[in-house]
Amino acid sequence: MSYDVVIVGAGPIGLFLACELRLQGVRAVVLERRTETDPTLKAGSVGGRGADTLIRRGVVELLGDLPSIADMMGGRRPGADSLQAKTAAAGPPVKGHFAGMWILRGGTTPAGAPIIAGQQVIEAALEKRAIELGADVRRGHALTGIDQDDTGVTIAVEGPEEPYELRAGWLVGCDGGRSAVRKLTGFAFPGDDGVITGHQALVEVDDPDFFPLGWHRTEHGLLVRGPMPQRVLAVEFDGPPVDRSAPVTREELQASLRRLSGTGVTVTAVHSATRFTDNTRQAETYRTGRVLLAGDAAHVHPPFGGQGLALGLGDAVNLGWKLAAQVSGQAPDGLLDTYTTERRPAAARVLHNTRAQVALLAPGPRVDALRDIFIALASTDEANRLLTDLMADLDLRYEVDVDHPLAGRYCPDLPLTVAGAVTSVADLSRSGRPLLLDLDDRADVRDAAGPWADRIEIVTARTEEPPAPAVLVRPDGYVAWAGEDTDGLRRACARWFGA
């Protein structure tokens, strides 16, 4: 069987991209060198626009009953001296933290509720969905070579039984921060080396109360316990790990916990552990010829704030419909290049704010003083909104050349009534097709978009307080056009969805 797109990496980004491509009828295969899902402790939730993305494709409904933070903590609360208690004691409900300061409260636009699910749970749901949609997911198949030309890419693969080759029109590397696709293709990946050594682990200890739950800066770095009691995050500012690829040992974790806590705690069992640093890098471009990058293959940064999964999902939902249009021959000139021009600045914002968080987490009296001033500033509405927007991607705006406040921004999940039936923008987004929401029963608007009716869902709907007479929503949820200017609507349709 021949394929249009080969995706390397069956993590959440590669699998979600496969789902997006299959929604558009693209023949896709996913290659994963691991034979099973990686069990290492990773992201425990996804929020902001990442949550919106999973909600609007119906993925969240595949995850089963999800716990709350209170469930995960078993009814135990952070100690009174934790960073949570100190910085989130008053005011509206807290939505998140910045460098362990639990101060993020009110954003510019609402987002879906955070999805409390481990990365492995999300991966399993996405793999099931991708296979149901017709993607070919091959585990135990490792990429070993890439040879691209003007018409496609030849991929050398080490299979479980023997080596073989695949030929496809396009190749996308979703294979993580040490991406083989990125290295074999020669993408430049500049950035900064790390200054910390961090461990995240699920452990058992001889004294469950050796250190309070919550976030705590200590003399040597940062120690976090929770949200579930066995989970620890230990960060020391003594330089990057000597060997990041070496297995994490019980003794290594125990020594770090003892230094940070100032106790003689003994680690009796390790259920999962990973080592990391604040290495911060970004590919100079996300496309070289017929090879593209998404997720951590395109950008790496410290994990503080849990932004990595949401950022990668944003890459996949932006790339999927554009690459599908390229495969089908319907893409207007330059459409695929907008993947880099839109998503690279989005990632640069995350790299920038995680650098700032590392600086604000460092031990010492100078940083203590800086944090006190930072918390005071963040108590103002404007500063808090800026920080909340930044961490959840709520203020991201793409360049769409349309003069309307909603244009280029994420379309809110408007409640809609269509032909007497109650629905919403999220419900209508499950197909992955563009939406033209005619909110004022405008025949001229529907006629203007008529030539694109094979590519755009044209929906006449009612909603209270419509943001515009009509709204054109791209498959990734961002508004390509809004208003009543039908000439502008035609230009937007042509720019984003072809002649």
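Here, every reference points to the structure presented above.
A brief look at the structure comes next.

What counts as what
Residues numbered from 1 in each chain as written. Predicted model: local features only at pLDDT ≥ 70, side-chain atom pairs only at ≥ 80, totals over all residues. Heavy atoms only, no water. Pairing = 2+ DSSP bridges. Helix = DSSP H or I, 4+ residues; strand = E, 2+ residues; numbered from the N terminus. Contact = heavy atoms within 4.5 Å. Axes fitted to C-alpha atoms, helices over the stretch in contact; angles between N-to-C directions. Parallel < 35°, antiparallel > 145°, perpendicular 65-115°, else oblique. Left-handed = near helix turned anticlockwise from the far one by under 90°. Nonpolar A, V, L, I, M, F, W, Y, C, P; charged D, E, K, R; others polar. Salt bridge = Lys/Arg side-chain N within 4 Å of Asp/Glu carboxyl O. Buried < 20%, exposed > 50% of the residue type's maximum accessible area, 1.4 Å probe, protein only. Phe/Tyr/Trp six-rings, centres within 6.5 Å; stacked < 30°, edge-to-face > 60°. Disulfide = S-S within 2.5 Å.

One open sheet holds the three strands; their spatial order is 9-15-18, and the pairing between them is antiparallel. Only two strands of the sheet have a single neighbouring strand rather than two, namely strand 9 (191-192) and strand 18 (299-300). Contacts between helix 9 (residues 338-361) and the sheet are confined to strand 9, strand 15 (280-282) and strand 18, with strand 15 contributing the most and set at about 170° to the helix.

Interaxial distance between helix 2 (residues 48-56) and helix 8 (residues 308-328) falls to 8 Å at its minimum, and their mutual angle equals 50°. Taken together, the axis directions place helix 2 and helix 8 in an arrangement best described as oblique. Handedness of the crossing formed by helix 2 with helix 8: left-handed. Contact residues: helix 2 offers Gly50, Thr53 and Leu54, while helix 8 offers Ala310, Leu313 and Val317. Looking at the contact of helix 2 with helix 8 residue by residue, the class counts come to four nonpolar, two polar and no charged.

In this section: the sheet that holds strand 21 (residues 435-438). Strand order in the open sheet formed by four strands is 22-21-23-24, and the pairing between neighbours is mixed. The sheet terminates laterally at strand 22 (457-460) and strand 24 (479-483), the two strands that pair on one side only. Neighbouring strand axes in the sheet, compared pairwise and without regard to direction, differ in orientation by 10° on average. Judged from the four bridges that link them, strand 21 and strand 23 (residues 470-473) form a sheet pairing that is antiparallel. Within the sheet, the bridge partner assigned to Asp438 lies in strand 23 and is Ala470. Contacts between helix 14 (residues 486-497) and the sheet are confined to strand 21, strand 23 and strand 24, with strand 24 contributing the most and set at about 175° to the helix.

One pass over the full model with this rule turns up 31 salt bridges. A salt bridge links Asp401 to Arg495; the shortest N-O distance between them is 3.3 Å. In this pair, Asp401 is assigned in the loop between helix 11 (381-392) and strand 19 (415-418) and Arg495 in helix 14, connecting sequence segments 94 residues apart. You can call Asp401 exposed: its relative accessible area is 62%. Exposure remark for Arg495: the relative accessible area of 32% places this residue in the partly exposed category.

To continue, consider the packing of aromatic side chains. A complete count under the given rule lists nine aromatic pairs for this structure. Ring geometry for Phe276 against Phe304: centres 6.4 Å apart, planes inclined by 75°, an arrangement best described as edge-to-face. Pair noted here: Phe276 is in strand 14 (residues 267-276) and Phe304 is in the loop between strand 18 and helix 8, with a separation of 28 residues, a long-range link. The two residues Phe276 and Phe304 agree in class, both being buried. Considering the side-chain rings of Tyr398 and Tyr478, the 4.6 Å spacing of their centres and the 50° angle between planes classify their relative orientation as tilted. In this pair, Tyr398 is assigned in the loop between helix 11 and strand 19 and Tyr478 in the loop between strand 23 and strand 24, connecting sequence segments 80 residues apart.

Now for the packing of helix 10 (residues 365-378) against helix 11. Remark: helix 10 packs on helix 11, axes separated minimally by 6 Å, with the N-to-C direction vectors making an angle of 100°. By the angle between their axes, helix 10 is roughly perpendicular relative to helix 11. Contacts from Phe374, Leu377 and Ala378 of helix 10 reach helix 11 at Ala383, Asn384 and Leu387. When grouped by side-chain class, the residues that make up the contact of helix 10 with helix 11 number five nonpolar, one polar and no charged.

On to the state of the cysteines. Applying the stated criterion across every chain yields a total of zero disulfides. Free of any disulfide, Cys493 has its nearest neighbouring cysteine sulfur in Cys411, separated by 15 Å.

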